[in-house]
Amino acid sequence: MKKMIVIIQIFVIVLFLAKISIIGEFWQKMENAGSYLTSLAIAQPTGKTAEQPAPKEAGADPLQKERDLASALQKRNAELDSREVAVKGEEQKLSALKTEIAAKIDVLRKLEEQLTAKLEADKVSANKKYKDLAKVYEATPPDKAGAMMERMDVQTAAAITMNMKRDKAGIMWGYINPTKAVEITKEITRAGKFVPEDKPAAPGQ
């Protein structure tokens, strides 16, 4: 945009020089006409001199439009400079905001890592608890273990069953109500990721 303004200003200067050349020719003609009028005035018997053209008409500024255009261009250039300063200010604000957001993201990432570590620790603790409970149920008579499983919530019953030995869980399974057994089986299938590597996903298989 500034380059375009400079080109327009150069064009105005060239036009200004051309106007000066035209004005020079105009004044040359005026001088010739003045000499002619002077000779006519001398020849007149009344002695009256020819009226000179009004200074305002003869001296009208032919470059006023160019001056107005140059003034408008300068005003426009000042406005563009002001806008450029404002844009740079906004860029600085955006840069500061970007830095602030990056810092907050870093804090959130660290919190996420801490939360993930805590969840993993809780998972390990829960798995250990279910393994310990599974040993208790393995040592309990199957009919009593099955009765306790029926009164237990599905998630806990599934977790304990998945950590029991296959033969023990299979025997206990025969003492669980079929409806409850189906619910526990569905939970075992859904949460199969908790199944130990050395134990089956469901009892009796």
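What this report covers is the structure whose coordinates are included nearby.

Conventions we followed
- Residues numbered from 1 in each chain as written.
- Predicted model: local features only at pLDDT ≥ 70, side-chain atom pairs only at ≥ 80, totals over all residues.
- Heavy atoms only, no water.
- Helix = DSSP H or I, 4+ residues; strand = E, 2+ residues; numbered from the N terminus.
- Buried < 20%, exposed > 50% of the residue type's maximum accessible area, 1.4 Å probe, protein only.
- Contact = heavy atoms within 4.5 Å.
- Areas by Shrake-Rupley, 256 points an atom, 1.4 Å probe, with all protein chains shown as cover.
- Axes fitted to C-alpha atoms, helices over the stretch in contact; angles between N-to-C directions.
- Parallel < 35°, antiparallel > 145°, perpendicular 65-115°, else oblique.
- Nonpolar A, V, L, I, M, F, W, Y, C, P; charged D, E, K, R; others polar.
- Arc of directions from axis to C-beta.
- Phe/Tyr/Trp six-rings, centres within 6.5 Å; stacked < 30°, edge-to-face > 60°.
- Lys NZ or Arg CZ within 6 Å of the ring centre and 35° of its normal.
- Core = buried A, V, L, I, M, F, W, Y, C linked by side-chain atoms within 4.5 Å.

The subject of this paragraph is the overall build of the protein chain. When helices and strands are tallied, the protein chain shows seven helices and zero strands. N-terminal to C-terminal, the α/β element order of the protein chain is α-α-α-α-α-α-α. The buried share of the protein chain, reckoned over its 205 residues, is 20%. Of the contacts formed within the protein chain by residues at least 6 apart in sequence, a portion of 73% connects residues at least 24 apart. If you sum the accessible surface of the protein chain, you get close to 15500 Å²; carbon and sulfur atoms cover 61% of it.

Here Lys135 is to be found in helix α3 (residues 64-139). Residues Lys135 and Met164, spaced 29 residues apart in sequence, show a C-alpha to C-alpha distance of 6.8 Å.

The next point concerns the packing of helix α5 (residues 154-162) against helix α7 (residues 178-190). Orientation of α5 relative to α7, taken along the N-to-C sense of each, is 70°, at an axis distance of 9 Å. Classified by the angle between their axes, α5 and α7 sit roughly perpendicular to one another. Residues Val154, Gln155, Ala157, Ala158, Thr161 and Met162 of α5 touch α7, and the partners they reach there are Lys180, Glu183, Ile184, Glu187, Ile188 and Arg190. Considering only residue class, the contact of α5 with α7 consists of six nonpolar, two polar and four charged.

A few words on helix α6 (residues 166-173). For α6, the complete set of buried residues consists of Ala169, Met172 and Trp173. Burial along α6 is one-sided: seen end-on, the buried residues are contained in an arc of 105°. Each element contacted by the buried residues of α6 is listed here: α3, α4 (142-151), α5 and α7.

The next point concerns the packing of aromatic side chains. Under the counting rule described, the total for this entry stands at zero aromatic pairs. Here the basic side chain of Lys129 rests over the ring of Tyr130, its NZ or CZ set 5.0 Å away from the ring centre.

Glancing now at the packing of α3 against α5. Axis angle and axis distance: for two packed helices, these are the angle between their axes and the distance between the axes, and together they describe the pair. Between α3 and α5, the shortest axis-to-axis distance is 8 Å and the interhelical angle comes to 75°. Classified by the angle their axes make, α3 and α5 are roughly perpendicular. Residue-level inspection shows Tyr130, Leu133, Ala134 and Tyr137 of α3 in contact with α5, the latter providing Thr156, Ala159 and Ile160. Residue composition of the contact of α3 with α5, by class: six nonpolar, one polar and no charged.

A separate point is the nonpolar core. Residues Tyr137, Met149, Ile160, Met164 and Met172 are the most contacted members of the largest nonpolar core, which totals 19 residues. At five residues, the largest contribution of residues to this core is made by α5.

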